[in-house]
Amino acid sequence: MAEKSDLLRRLPDYLKYVPVLYFHPDEEFFPSNMADFLLHIEPYLGLEPLKQAHDRRLTLDNIDQLNNFGEKGRNVFLTSRDDPSTYPSWLQGNRPSTAGRSEAVVPVIFVERTIKDDQGRYIEVVDMFSFYFYHFNAGPRLPKKPSHFFGDHIGDLEHSIVRFQDGKPETVFLSRHASASVHAYESTQKLENHPILFAGKGTHALYGIEGDHEYIMADEDSTVILDYTSKGTLWDPSSNLWVYELSPEQMTLTAVEPPDAATSWYKFAGFWGDKMYQEDDHRQDVVCGVPKWVNGPAGVPYKILARISPEVNQHEKVPVSEPNVLVKRPWGT
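This structure is a prediction, so every number in the text was calculated from the model and none was measured.

**Section: the overall build of the chain**
For the chain, the helix and strand inventory stands at four helices and 22 strands. Taken over the C-alpha trace, the chain has a radius of gyration of 19 Å; the compact-globule value for 333 residues is 20 Å, and the two agree within 12%. C-alpha extents for the chain along the principal axes are approximately 55 × 45 × 40 Å. Out of the 333 residues belonging to the chain, those deemed buried represent 56%. Expressed as a percentage of contacts within the chain between residues at least 6 apart in sequence, the contacts between residues at least 24 apart total 67%. In the structure as shown, the chain presents an accessible area of about 15400 Å², 47% of it carried by carbon and sulfur atoms. Positive and negative side-chain charges in the chain, numbering 33 and 48 respectively, have mean positions lying 2 Å apart.

**Concerning the pattern of salt bridges**
Taken as a whole and judged by the stated rule, the model has eight salt bridges. Note that Asp127 and Arg163 form a salt bridge whose closest N and O atoms lie 2.7 Å from each other. Here Arg163 lies in strand E9 (residues 153-165) and Asp127 lies in strand E6 (residues 122-137), a separation of 36 residues in the sequence. Residue class for Asp127 comes out buried when judged on its relative accessible area of 1%. With relative accessibility at 6%, the residue Arg163 sits in the buried group. Here the salt bridges do not stand alone but share partners, grouping Asp83, Asp281 and Arg283 into one network.

**Focus: the sheet that holds strand E4 (residues 76-80)**
In space, the three strands of this open sheet follow the order E3-E2-E4, with antiparallel pairing throughout. With partners counted over all chains shown, the strands left at the sheet margins are strand E3 (48-49) and E4, one partner each.

**Overview of the nonpolar core**
With 45 residues, the main nonpolar core has Leu66, Leu78, Ile109, Trp265, Trp272 and Ile304 as its most contacted residues. With four residues, E6 is the largest single contributor of residues to this core. Judged by nonpolar contacts, the second largest core, of 29 residues, contains Val18, Leu21, Phe110 and Val126.

**What to know about the side chain of Thr79**
Along the chain, the position of Thr79 falls in strand E4. Setting aside its immediate chain neighbours within four residues, Thr79 contacts His40, Ile41, Glu42, Tyr44, Gly273 and Asp274.

**Concerning the side chain of His153**
Tracing the chain through its elements places His153 in strand E9. At 2.6 Å, the side chain of His153 and the backbone oxygen of Gly155 are in polar contact. Residues contacting His153, with those up to four places away along its chain left out, are Phe136, Asn137, Val294, Asn295, Gly296 and Pro297.

**Observations regarding the pairing of strand E10 (residues 168-176)**
Extensive coverage of E10 is indicated by the burial of seven of its nine residues. In terms of strand pairing, E9 meets E10 through six bridges, oriented antiparallel. Paired with Arg163 across the strands is Thr171, a residue of E10. Note that E10 and strand E11 (residues 179-184) share six bridges and pair antiparallel. Bridging from a neighbouring strand, Arg176 pairs with Ser179 of E11. Between E10 and the antiparallel strand that follows it, E11, lie two residues; His177 among them carries a positive phi value of about 45 degrees.

**Section: the environment of Ser187**
Structurally, Ser187 is set in the loop between E11 and strand E12 (190-191). With relative accessibility at 28%, the residue Ser187 sits in the partly exposed group. Sequence spacing of Ser187 and Gly208 is 21 residues, and the spatial spacing of their C-alpha atoms is 9.2 Å. At 2.8 Å, the side chain of Ser187 forms a polar contact with the backbone oxygen of Ala184.

**Some words on the confidence of the model for the chain**
The predicted coordinates of low-pLDDT regions are not to be read in fine detail. Of all residues in the chain, 90% have pLDDT values of 70 or greater, and the mean over the chain is 88. Contacts for the low-pLDDT stretch residues 309-333, under 50 throughout, to residues beyond four places or in other chains number 66 contacts.

**Comments concerning the pairing of strand E18 (residues 241-247)**
Looking along a regular strand, one sees side chains alternate from face to face of the sheet. Within E18, six of the seven residues are buried, leaving the element largely enclosed by the surrounding structure. Pairing analysis gives six bridges linking strand E5 (residues 106-116) to E18, with the strands arranged parallel. Pairing of Ile109 across the sheet is with Tyr244, part of E18. Counted along the chain from E18 to the antiparallel partner strand E19 (residues 252-257), the turn is four residues long, and its residue Met251 has a positive phi close to 55 degrees.

**Digging into unusual backbone geometry**
Residue Glu257 is joined to Pro258 through a cis peptide bond whose omega torsion reads 0 degrees. Inspection of the secondary structure puts Pro258 in the loop between E19 and helix H3 (264-267). In this model, Glu71 sits at a positive phi of 55 degrees, which is unusual for a non-glycine residue. Residue placement: Glu71 occurs in the loop between E3 and E4. The residue Cys288 is not glycine, and still its phi comes out positive at about 55 degrees. Within the secondary structure, Cys288 is located in the loop between strand E20 (286-287) and strand E21 (290-291). Judged by relative accessible area, Cys288 falls into the buried class, the value being 13%.

Reading the values: the criteria
Residues numbered from 1 in each chain as written. Predicted model: local features only at pLDDT ≥ 70, side-chain atom pairs only at ≥ 80, totals over all residues. Heavy atoms only, no water. Helix = DSSP H or I, 4+ residues; strand = E, 2+ residues; numbered from the N terminus. Rg over C-alpha atoms; globule rule 2.2 N^0.38 Å. Buried < 20%, exposed > 50% of the residue type's maximum accessible area, 1.4 Å probe, protein only. Contact = heavy atoms within 4.5 Å. Areas by Shrake-Rupley, 256 points an atom, 1.4 Å probe, with all protein chains shown as cover. Lys, Arg positive; Asp, Glu negative; His and termini not counted. Charge placed at Lys NZ, Arg CZ, Asp CG, Glu CD. Salt bridge = Lys/Arg side-chain N within 4 Å of Asp/Glu carboxyl O. Pairing = 2+ DSSP bridges. Core = buried A, V, L, I, M, F, W, Y, C linked by side-chain atoms within 4.5 Å. Polar contact = N/O pair within 3.5 Å; in protein donor to acceptor, adjacent residues only side chain to side chain. pLDDT = per-residue confidence, 0-100.

Set out below in structure tokens:
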């Protein structure tokens, strides 16, 4: 890992490649701050309130204290005080301005390490992770039955990775659902140097092109569902970033810019949302073999670990619907 001062010196060269996102014109749930999210939740152990933390004011500077409960935090769920099925207004987040700016902060985490390329050579790379947080994920709605849906959850965390080699952007990784895609940087659409990403309506799954993206479910009817993307509202996070560097050996996070940016949120081992409702909950049902309401997302460390595992270059060749996609499921799921 380069010295912090060295990363600071190189930041302008990297940050000019931070992706920008387009939301669908009918998007209802926009990006939000994790700090604001904490104003609307109570910590639960599974489905029961965590009484020991009931009166504790949680912030991004102390939330890792919840790791003292529930299997070192792994069974702690940041649970909405409001019934999510009523869709309270705070779920809508912060709609970006006409200039593309949102009050939502994007954590950008740099990981510098040595990997093997496809020819078995050791090379130095820098991975720039950008994390996009939302108060709510609206799961897929069935095209022929819009009132039927599955996969809704409080809290949503998507991410992209721009990989640099010799200081130049090489590939752009896009997370979505239980899969992913990797694009050659040169093949992506761009706003100046920034790769353009398209967020699925409601799901916020990331794509390299706009349009309707088809999935076939594994239920008995092989139900077809769609993610809808289009050039609606622009979000340019580049003016509202928290920049960090991560040691891939110790998985420790250090704030770079601003130097006093919170890091406790990174250490929290629980879930950023409600636990999946039980079968006898009146809000719960199963659609296409998937519950209507599912767990909120696990935190950032779990996603980074999946991407920097030894399988990082074990490319699984899977047919994809997007042109110029190199591989799908390349760095974990």
